[in-house]
Number of protein chains: 2
Amino acid sequence: MATIKDVAKAAGVSLSTASYAINGNRKISEATRAKVLEAAKQLNFQKNGWATDLKRSSTKTIALIVSDMSGPYYSELIRGVQEIAFENGYDLIACSSFGGNESTAIKFLKEKRVDGVIVSAHNLQDEPILESARKGFPIVVLDRHLKSDHIYNVLVDNEQGGYMATELLIKNGCKRIAYISNSSSSYDHKLRYKGYMQALNDYGYKSASNLNVNGKFTIDDGYRATKLLIAQRNLPDAIFYANDEMAVGGMQAFKESGIRVPEEISVIGFDDILLAEYMNPPLTTIRQPKYEVGSLAAHLILQLLDGKSIDHEYMLPTELVVRKSCLLRE
Amino acid sequence: MATIKDVAKAAGVSLSTASYAINGNRKISEATRAKVLEAAKQLNFQKNGWATDLKRSSTKTIALIVSDMSGPYYSELIRGVQEIAFENGYDLIACSSFGGNESTAIKFLKEKRVDGVIVSAHNLQDEPILESARKGFPIVVLDRHLKSDHIYNVLVDNEQGGYMATELLIKNGCKRIAYISNSSSSYDHKLRYKGYMQALNDYGYKSASNLNVNGKFTIDDGYRATKLLIAQRNLPDAIFYANDEMAVGGMQAFKESGIRVPEEISVIGFDDILLAEYMNPPLTTIRQPKYEVGSLAAHLILQLLDGKSIDHEYMLPTELVVRKSCLLRE
DNA sequence: ATGAAAGCGCTAACAG
DNA sequence: CTGTTAGCGCTTTCAT
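Residues numbered from 1 in each chain as written. Chains lettered and ligands numbered in written order. Predicted model: local features only at pLDDT ≥ 70, side-chain atom pairs only at ≥ 80, totals over all residues. Heavy atoms only, no water.

Participant: So, the interface of chain B and chain A: which residues are in play, and what are the values?
Facilitator: Contacts between the two partners involve 54 residues from chain B and, on the opposite side, 53 residues from chain A. Area buried by chain B at its contact with chain A is led by Met1(B), Trp50(B) and Tyr278(B), which between them contribute 16% of it. Across the chain B-chain A interface, the total number found is four salt bridges. Notably, a salt bridge pairs Lys107(B) with Asp91(A), separated by 3.0 Å at the nearest N-O pair. Inspection of the chain B/chain A interface yields 18 residue pairs in polar contact (both at pLDDT 80 or more). Of all the secondary structure elements, the ones that give two or more residues to the side of chain B that touches chain A are helix 4 (49-56), helix 5 (75-87), strand 2 (91-96), helix 6 (104-110), helix 7 (126-132), helix 11 (244-256) and helix 12 (274-278) of chain B. The class makeup of the residues in the side of chain B that touches chain A is 22 nonpolar, 17 polar and 15 charged. (Contact = heavy atoms within 4.5 Å. Buried area = accessible area lost by both parts, 1.4 Å probe. Salt bridge = Lys/Arg side-chain N within 4 Å of Asp/Glu carboxyl O. Polar contact = N/O pair within 3.5 Å; in protein donor to acceptor, adjacent residues only side chain to side chain. Helix = DSSP H or I, 4+ residues; strand = E, 2+ residues; numbered from the N terminus. Nonpolar A, V, L, I, M, F, W, Y, C, P; charged D, E, K, R; others polar.)

Printed below as a string of structure tokens:
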């Protein structure tokens, strides 16, 4: 691949002249510029942006690390980050933490210099993140609580959400309310569970059943967990799933078994993914302000890059979205 | 931020020794290594991976460019690329072409050196892609036909898909079949349309109506286009939407207007996004082999990077997925 | 086993 | 207006 050196040689000018010409610096004469540009075209020259960044000591790009670039969950979040970054002349690149400590994510945290990083990946441990935080390299973490000088937290009030979900079920007249989650519960899921227990407690109920399956909060995991529950033949009258994807899987399982939602069992999810609205029946759920989380995170990074000093913790509320998957019993 | 230079100084060794120690080269004595590592820890040293890449002339990462990182469409595709890349020790980063010629995408094509690029973004013009193609920098394009020495195409047989969709409708007994798409039709959408017209022709039908809305193939655009069609009060008995998202919007419009799908009107989409299966009624559609496209693209990049010489064009078939949104009329 | 020095591709301060 | 030169942070050959 041709370098700027080759271009300079071909055009018969010095390195710097070539550089100036290519970057449109005005002190180069039209004639020379044309010569250089022509040579560049001939050689099919493309500049190596990382070399530029190296020189400039800034990449003008921020990285977003997600646990699964391909999941339905991240859509809105990404949009939030994207828009803010773009408006401010920053690039956004996303990479996944698929592969754990060997993952691209870790490399971006530790090696590939970007100006800032937003981390939303529960399958990443705390240490690599903590170790990566350093002055001049702002990190915003989204789904966990991490305290460190150079780490900032954007949190969603999962506990409140869990509480609201459970309370709705209770007020609807459900007596036996189960919670289905994942055994390797992440920070936010633990809080949802806490909210669930709190509500139960406040109203003098106790947990009907509390199923933790191994898995990754996917549709499939929800399906399997629910099948298990059905097989045990002692169905509660409502289930609070730790997230929408699991709820979707659950509803599928119920449909297959001829159990009607919400007539026979109420279902509530968490997140409000796109799918939720289109389910049959439409899924009642707790909405996370995903777009807001994303754009806030981007804003914070930008402010930090700007040398501003800001709070270390931000908490955003959740919102109950009532649709048709929960029955009002009398 | 501390550099390796600082570490070397702090440890009282030379630059090269520090580098060797940090990279685990065995010719460094245990004592020195320990000293260096200690200094690195003290200074919170993190190496700059781009500098390494610059030196090594390889980044071991491939970039995936998509038109909308946040859309529901790309999930499977990304997974396909991700898995293959990861298995082969490559990193994957995704960036969006949001912002057109100023976008991060263009920078990755032209400036930020990665080892290879996969492009799936209809909102990017041909030129920047063509201009970026050069020896030793493989580009695989997914949603368009682009001929150039260093560009490789992975295509899905959209025409066949369009044909199958239309044929199903015809065989189901629909007489008046409309096609709803986007005016700025991209390459693959044109082919879908061609398949549609071909089928109509083969069976001696003609197009009932052919609505092109301005927009971006989103749920919302489908909704608006359908509302328009409804307002015109001369509904066809089947609609072939250019993609699932538009079909979803269409079904929403029908529901609001009290028009029953499929009893009063049959609906078919294209892509088979996650949502399709969960619609009410479940959406009949044409499946694109998204995962396969992604993994094939990744494989190609890897082979090219390996110096192998391969075909320039690959065509994958589509598949009809019959669900409940099309009525069998007699 | 360790260090000096060249160089990856680029920019920019300085001199002319 | 153009060229010389130092240097961004790192690896690696070659000497010692």
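Participant: I'd love a proper account of the environment of Lys27(A), names of residues and values included.
Facilitator: For Lys27(A), the position within the fold is in the loop between helix 2 (15-22) and helix 3 (30-43). Along the chain, Lys27(A) and Leu229(A) lie 202 residues apart, while their C-alpha atoms are 75 Å from each other.

Participant: Break down the UniProt feature "domain: HTH lacI-type" (unreviewed entry) in chain A for me, with residues and values.
Facilitator: Under the present numbering, the feature "domain: HTH lacI-type" (unreviewed entry) in UniProt falls on residues 2-56 of chain A. The span residues 2-56 of chain A is 69% helix and 0% strand, and its two end C-alpha atoms sit 21 Å from each other. (UniProt positions renumbered as here; feature names shortened; annotations may be inferred.)

Participant: For the relation of the copies chain B and chain A, give the residues involved together with the corresponding values.
Facilitator: Relating one copy of the chain to the other takes a rotation about an axis and a shift parallel to that axis. Overlaying chain B on chain A yields an RMSD of 0.2 Å, the required transformation being a rotation through 180° with an accompanying axial translation of 0.0 Å. The transformation just described matches what one would write down for a two-fold rotation axis. Within chain B, the C-alpha atom positioned nearest to the axis of rotation is that of Ala94(B), 2.5 Å from it. Here 98% of the contact residues of chain B are again contact residues in chain A; the copies associate through an equivalent surface. (Least-squares fit on C-alpha atoms with pLDDT ≥ 70 in both.)

Participant: Now, about the pattern of salt bridges: what can you tell me, with residues and values included?
Facilitator: Residue and element names in this part refer to chain B. Overall, the coordinates contain 37 salt bridges over all chains when judged by the stated rule. The closest approach of N and O atoms between Arg-33 and Glu-30, which form a salt bridge, is 3.4 Å. Of this pair, Arg-33 and Glu-30 both sit in helix 3 (residues 30-43), separated by three residues, roughly a single helical turn. Classification of Arg-33 by relative accessible area gives buried; the value is 14%. Glu-30 gets classed as exposed once you look at its relative accessible area, which sits at 56%. The shortest N-O distance in the salt bridge between Glu-256 and Lys-227 comes to 3.1 Å. On the criterion of sequence distance, the pair formed by Glu-256 in helix 11 and Lys-227 in helix 10 (residues 219-231) is long-range, its members being 29 residues apart. (Buried < 20%, exposed > 50% of the residue type's maximum accessible area, 1.4 Å probe, protein only.)

Participant: Before we move on, can you summarise the packing of aromatic side chains with the specific residues and values?
Facilitator: All chains considered together, the criterion is met by 17 aromatic pairs over all chains. Ring geometry for Tyr179(B) and Tyr196(B): centres 5.1 Å apart, planes at 25°, overall stacked. Taken together, the residues Tyr179(B) in strand 6 (residues 177-182) and Tyr196(B) in helix 9 (residues 187-202) connect sequence positions 17 residues apart. In terms of burial, Tyr179(B) and Tyr196(B) fall into one category: buried. The ring centre of Trp50(B) lies 4.6 Å from the NZ or CZ of Lys112(A), which sits over that ring. (Phe/Tyr/Trp six-rings, centres within 6.5 Å; stacked < 30°, edge-to-face > 60°. Lys NZ or Arg CZ within 6 Å of the ring centre and 35° of its normal.)

Participant: So what's going on with the nonpolar core? Which residues, and what values?
Facilitator: Counting 113 residues, the largest nonpolar core has Ile118(A), Val140(A), Phe254(A), Ile118(B), Val140(B) and Phe254(B) as the members making the most contacts within it. Those residues in contact with Ile118(B) that sit more than four places away from it in its chain are Ile62(B), Ala63(B), Leu64(B), Ile65(B), Val81(B), Val140(B), Leu142(B), Ala297(B), Ala298(B) and Ile301(B). Phe137(A), Leu146(A), Ile151(A) and Ala121(B) belong to the second largest nonpolar core, which has 42 residues in total. (Core = buried A, V, L, I, M, F, W, Y, C linked by side-chain atoms within 4.5 Å.)

Participant: Let's hear about the protein's contact with DNA strand D: which residues, and what values?
Facilitator: Taken together, the neighbourhood of DNA strand D is formed by 26 residues, with Ser16(A), Thr17(A), Thr32(A), Ile4(B) and Tyr20(B) sitting nearest. Of everything in DNA strand D that lies within 4 Å of the protein, sugar and phosphate atoms constitute 58%. At 2.9 Å from a phosphate oxygen of DNA strand D is found a side-chain nitrogen or oxygen belonging to Lys47(B). At the level of elements, helix 2 and helix 4 (49-56) of chain A together with helix 1 (4-11), helix 2 (15-22) and helix 4 of chain B are the ones that each hand at least two residues to the surface near DNA strand D. Residue contributions to the surface near DNA strand D peak at four residues, all from helix 4 of chain B. Split by residue class, the surface near DNA strand D holds eight nonpolar, twelve polar and six charged. (Near = heavy atom within 4 Å.)

Participant: Tell me about the protein's contact with DNA strand C, and please be specific about residues and values.
Facilitator: Taken together, 26 residues surround DNA strand C, and among them Ile4(A), Ser14(B), Thr17(B), Thr32(B) and Lys55(B) come closest. In DNA strand C, the atoms that sit within 4 Å of the protein are 62% sugar and phosphate, with bases accounting for the remainder. The separation between a phosphate oxygen of DNA strand C and a polar side-chain atom of Lys47(A) is 3.0 Å. Contact between DNA strand C and Ser16(B): a base nitrogen at 3.1 Å from a side-chain N or O atom of the residue. The set of elements that each furnish at least two residues to the surface near DNA strand C consists of helix 1 (4-11), helix 2 and helix 4 of chain A together with helix 2 and helix 4 of chain B. The residue makeup of the surface near DNA strand C, split by class, is eight nonpolar, twelve polar and six charged.

Participant: Give a description of helix 10 (residues 219-231) of chain A that names residues and reports values.
Facilitator: The end-to-end C-alpha separation of helix 10 of chain A is 18 Å, in line with the 18 Å expected for 13 residues at 1.5 Å each. Just beyond helix 10 of chain A, the residue with positive phi is Arg233(A), at close to 55°. (Expected span 1.5 Å × (residues − 1).)

Participant: So what's going on with the side chain of Ser103(B)? Which residues, and what values?
Facilitator: As for its placement among the helices and strands, Ser103(B) is situated in the loop between strand 2 and helix 6. Residue classification places Ser103(B) among the buried residues on the basis of a relative accessible area of 0%. Beyond its immediate sequence surroundings of up to four residues, Ser103(B) is in contact with Phe86(A), Ser96(B), Ser97(B), Phe98(B) and Leu124(B).

Participant: Could you give an account of empty space enclosed by the protein, with specific residues and numbers?
Facilitator: In total, this model carries two cavities of 30 Å³ or more according to the counting rule given. The space that makes up the largest cavity amounts to roughly 60 Å³. If you go around the largest cavity, the residues you meet are Met69(A), Ser70(A), Gly71(A), Tyr74(A), Ser75(A), Ile78(A), Met69(B), Ser70(B), Gly71(B), Tyr74(B), Ser75(B) and Ile78(B). Class assignment of the residues belonging to the lining of the largest cavity gives a composition of six nonpolar, six polar and no charged. In this structure, the second largest cavity spans a volume of roughly 30 Å³. Taken together, Met69(A), Ile78(A), Val66(B), Met69(B), Ile78(B) and Ala94(B) make up the full set of residues lining the second largest cavity. Partitioned by chemical class, the residues of the lining of the second largest cavity number six nonpolar, no polar and no charged. (1 Å grid on protein atoms, 1.4 Å probe; cavity = no way out; pocket = protein on both sides within 12 Å on 5 of 7 lines; lining within 4 Å. Points joined across faces, edges and corners; volume = space filled by probe spheres on them.)

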